[in-house]
Amino acid sequence: MGEGLSERNKKILEAIIEDYIVTAEPVGSRAVTRRHGLNLSPATVRNAMADLEEMGLLTSPHTSAGRVPTDRAYRFYVDSLLAVGCIDKAERERIRKRYAGAGRDMGAVLHETTRLLSSVSHYMGIVLAPRFSSTTLRHMEFVKLGGRRILAILVADNGAVQNRLIESEEEFAEADLVRMSNYLNELLQGLPVAQVRTRILEEMRNEKVLYDTLFSRALRLSEQTIVEGSAQIFMEGQTNILDQPEFADVGRMKDVFRAFEEKNQLVNLLDRCISAQGVQIFIGSETHLNHMEGLSVITSTYVSGKNTLGVLGVIGPTRMGYGKVIPIVDYTAKLVSKLLEDE
């Protein structure tokens, strides 16, 4: 893909992509020679554009003599032509200030992150929250609500809280719930949440527990509590996408809305990024998602120590300004990691 390109054709392709990113209009040969100071005739550029089209890097819309980059062209551009810079000091300071009012609550930090990514990139911000099962259990507590209804509160080491309403098989006294909480915290505190259920089942087979009614009831109650919830995803700035000229068509607009409504497919895409290091870029068809034609996704993981917590990123048109968005995503991921680690 682009390996056989001459230096001249690389420059022409880069010029077309950068023009199209700015204008969203098909790019003609005269625009390339006029705007980019290439010492080439329009005829030479036209021949080069025909070669690039034959290679699958450009396409011709029916209504225009100009050319438009394909997903393959953007991939070549990002991998081989783009010089990604750093965010300037003023931008970094603006981003840091946005977190000043968010405190250290994880939910507030992640909500603010989607808003920030959207406003700074002018596209759509997206954050996959940490799955509770990927954390370590710090504390478990049962609160009597009335009758047989109990509120189970689970607190993870990263500050995430999961509340679960349980309808128990029997009514418990408040003092018993306190004793049960103490027993379970002693047994389970510091375990990865993913291993808690296994530990509970092991303990239920313990002879001592079989003869101790309170312990046995506590374990049954905790088994109801440890259930994997669905992944939580935060999104902000969907209308920024619809403001882009390529999505002005009503049919395309409906497709984009469907893509954002199908949160499971977005979760699956972000899940693919969890084990990856650094910034990941999916361009157009590379996402393999329904209704995502014409959209690119740039992501990075945020971490605490050596543990990956979740993924954040930006969704925008395939003609997004990659050189600007990549460092924004990278810097924001590092900043969120630091905020959550300091917590």
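In this text, all values refer to a predicted model and were calculated from it rather than measured experimentally.

Calculation notes
- Residues numbered from 1 in each chain as written.
- Predicted model: local features only at pLDDT ≥ 70, side-chain atom pairs only at ≥ 80, totals over all residues.
- Heavy atoms only, no water.
- Phe/Tyr/Trp six-rings, centres within 6.5 Å; stacked < 30°, edge-to-face > 60°.
- Helix = DSSP H or I, 4+ residues; strand = E, 2+ residues; numbered from the N terminus.
- Buried < 20%, exposed > 50% of the residue type's maximum accessible area, 1.4 Å probe, protein only.
- Contact = heavy atoms within 4.5 Å.
- Salt bridge = Lys/Arg side-chain N within 4 Å of Asp/Glu carboxyl O.

Let us now look at the packing of aromatic side chains. Under the definition given, this model contains 1 aromatic pair. Consider the rings of Y74 and Y322, whose centres lie 6.1 Å apart with planes at 45°: the pair is tilted. With Y74 in helix α4 (residues 71-81) and Y322 in helix α14 (residues 322-342), this residue pair connects regions lying 248 residues apart in the sequence. Both residues of the pair, Y74 and Y322, belong to the buried class.

Attention now goes to the environment of V143. Within the secondary structure, V143 sits in strand β4 (residues 137-146). Judged by relative accessible area, which is 29%, V143 ranks as partly exposed. Expressed as a C-alpha distance, the spacing of V143 and L177, which sit 34 residues apart in the sequence, is 7.1 Å. Ignoring any residue separated from it by four or fewer positions in sequence, one finds V143 in contact with R149, I150, L151, I153 and L177.

Relative to the elements of secondary structure, A48 occurs in helix α3 (residues 42-54). The class for A48 is buried, based on a relative accessible area of 1%. As for A48 and L13, which are separated by 35 residues in sequence, their C-alpha atoms are 8.9 Å apart. Excluding residues within four positions of it along the chain, A48 makes contact with N9 and I12.

Quick look at the pattern of salt bridges now. A full pass over the atoms with the stated rule returns 19 salt bridges. Between K10 and E7 there is a salt bridge; the shortest N-O distance is 3.3 Å. On the criterion of helical spacing, the pair formed by K10 and E7 is a turn pair, its members being 3 residues apart in helix α1 (residues 7-23). Owing to a relative accessible area of 22%, K10 belongs among the partly exposed residues under this scheme. Among the ionic pairs, D330 bridges to K334, the shortest N-O distance being 2.9 Å. With D330 and K334 both in helix α14, this residue pair falls 4 residues apart, about one helical turn. When its relative accessible area of 26% is taken as the criterion, D330 is described as partly exposed. Beyond isolated ion pairs, a larger network of salt bridges with shared partners links R75, D79 and E286.

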